[in-house]
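Structural features, examined
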Amino acid sequence: MRTANRLATLLLAAALLAGGALLAVEALLAAAGRRALLVDTAAWSAALARTRWDDPIVRAAAVAALLLGLGILAAELRRWSPARLDTGGGWHLHRRSVERRLAAAAGSVPGVRRVRVRVRRRGAGWRPRVVATGDPAASAEVAFAVRQELHRLAAPCTGRVEVRLLPRRRAP
């Protein structure tokens, strides 16, 4: 998502820069009493004087602008999973690689199957969450295996490791 945000910011900045430059040129030409380059100010003034808030096209444009703005705001406020996990000292780990390594470590515990690990952000730190099928009594062993793998990766784990072991469903 970082690349998409950068591209959207670049396009918005380019549009604002071009619009601002055009506005400045048009304002300078209007102040000098010369004819504008692109904007026919008399036609715009007449069209805006005839336009009312009751017109359907005005309401549709206002609703579309409102929905677009709310969509952009919601996309920016949504908490995204980090692509990289900061380990301090300028080093980082890729989140998906860490999740795969931790899942393999948790899956190496006897009796634990179908392991899924998600790394969640908590403030400035991050914490792994393990969901697997197996004996719930083995949760301490799974947490220990995950902590050992984090230690091997030299990754600081600021919080506790969340382990949720679901008992295996038995066939009827």
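Attention now goes to the overall build of the protein chain. The number of helices and strands found in the protein chain is 5 helices and 5 strands. Ordering the α and β elements of the protein chain from the N terminus gives α-α-α-β-β-α-β-β-α-β. Rg of the C-alpha trace for the protein chain: 28 Å, well past the compact-globule value of 16 Å for 172 residues, more than 25% over. In the protein chain, which comprises 172 residues, the share counted as buried stands at 24%. In the structure as shown, the protein chain presents an accessible area of about 13,100 Å², 61% of it carried by carbon and sulfur atoms. Counting 30 positive and 11 negative side-chain charges, the protein chain places the centres of these two groups 9 Å from one another.

Assignment of secondary structure puts Gly-90 in the loop between strand 1 (84–88) and strand 2 (91–94). Relative accessible area serves as the criterion here: at 69%, Gly-90 is assigned to the exposed category.

Under the criterion given, the structure shown has 7 salt bridges. Arg-118 is the partner of Glu-99 in a salt bridge, and the nearest nitrogen-oxygen pair spans 3.7 Å. Of this pair, Glu-99 sits in helix 4 (residues 95–107) while Arg-118 sits in strand 3 (residues 113–122), placing them 19 residues apart in sequence.

Before going further, it helps to examine unusual backbone geometry. Even without being a glycine, Arg-114 presents a positive backbone phi close to 45 degrees. Inspection of the secondary structure puts Arg-114 in strand 3. Residue Arg-114 is classed as exposed on the basis of its relative accessible area, which comes to 68%.

For the rest of this paragraph, the subject is the side chain of Arg-127. As for its placement among the helices and strands, Arg-127 is situated in strand 4 (residues 125–133). Using a relative accessible area of 15% as the deciding quantity, one classes Arg-127 as buried. There is a polar contact of 3.2 Å between the side chain of Arg-127 and the side chain of Glu-162.

It is worth spelling out the packing of helix 4 against helix 5 (residues 139–152) at this point. Interhelical geometry of helix 4 versus helix 5 gives an angle of 140 degrees and a closest axis separation of 8 Å. Between helix 4 and helix 5, the interaxial angle falls into the category oblique. Seen from above, helix 4 lies across helix 5 with right-handed handedness. Contact with helix 4, carried on its side by Arg-101, Leu-102, Ala-105 and Ala-106, involves Val-142, Ala-145, Val-146, Glu-149 and Leu-150 of helix 5 and no other residues of that element.

Attention shifts here to the confidence of the model for the protein chain. On average, residues of the protein chain score 83 in pLDDT, and 91% of them reach the 70 mark or higher. Within the protein chain, no element has a lower average pLDDT than strand 1, which sits at 72, and none a higher one than helix 3 (residues 56–77), at 92.

Now for a nonpolar patch on the surface. A cluster of nonpolar side chains, Val-63, Leu-66, Leu-67, Leu-70, Leu-73 and Leu-77, forms an exposed patch at the surface whose accessible area comes to about 600 Å². Mapped onto the elements, Leu-73 comes out in helix 3.

Let us now look at the pairing of strand 1. Of the strand pairs in this sheet, strand 1 and strand 2 are connected by 4 bridges, and their pairing is antiparallel. What sits directly across from Gly-88, in strand 2, is Trp-91. What sits between the antiparallel neighbours strand 1 and strand 2 is a turn of 2 residues, in which Gly-89 has the positive phi angle 70 degrees.

Turning next to the nonpolar core. Within the largest apolar cluster, 22 residues are counted, with the highest numbers of intra-cluster contacts made by Val-98, Val-130, Val-142 and Val-146. Looking at this core, the elements with two or more residues in it are helix 4, strand 3, strand 4 and helix 5. Aside from chain neighbours lying at most four places away, what touches Val-142 is Ala-106, Val-109, Val-112, Val-130, Val-163 and Leu-165.

Let us now look at the environment of Arg-160. Mapped onto the secondary structure, Arg-160 falls in the loop between helix 5 and strand 5 (162–166). Between the C-alpha atoms of Arg-160 and Ala-60, which are 100 residues apart in sequence, the distance is 51 Å. In this view, Arg-160 contacts Arg-127, Pro-128 and Arg-147; residues no more than four positions away in its chain are not counted.

Reading the values: rules and limits
Residues numbered from 1 in each chain as written. Predicted model: local features only at pLDDT ≥ 70, side-chain atom pairs only at ≥ 80, totals over all residues. Heavy atoms only, no water. Helix = DSSP H or I, 4+ residues; strand = E, 2+ residues; numbered from the N terminus. Rg over C-alpha atoms; globule rule 2.2 N^0.38 Å. Buried < 20%, exposed > 50% of the residue type's maximum accessible area, 1.4 Å probe, protein only. Areas by Shrake-Rupley, 256 points an atom, 1.4 Å probe, with all protein chains shown as cover. Lys, Arg positive; Asp, Glu negative; His and termini not counted. Charge placed at Lys NZ, Arg CZ, Asp CG, Glu CD. Salt bridge = Lys/Arg side-chain N within 4 Å of Asp/Glu carboxyl O. Polar contact = N/O pair within 3.5 Å; in protein donor to acceptor, adjacent residues only side chain to side chain. Axes fitted to C-alpha atoms, helices over the stretch in contact; angles between N-to-C directions. Parallel < 35°, antiparallel > 145°, perpendicular 65-115°, else oblique. Left-handed = near helix turned anticlockwise from the far one by under 90°. Contact = heavy atoms within 4.5 Å. pLDDT = per-residue confidence, 0-100. Patch = residues over 30% accessible without salt bridge, like charges linked within 9 Å, V, L, I, M, F, W, Y side chains within 5 Å. Pairing = 2+ DSSP bridges. Core = buried A, V, L, I, M, F, W, Y, C linked by side-chain atoms within 4.5 Å.

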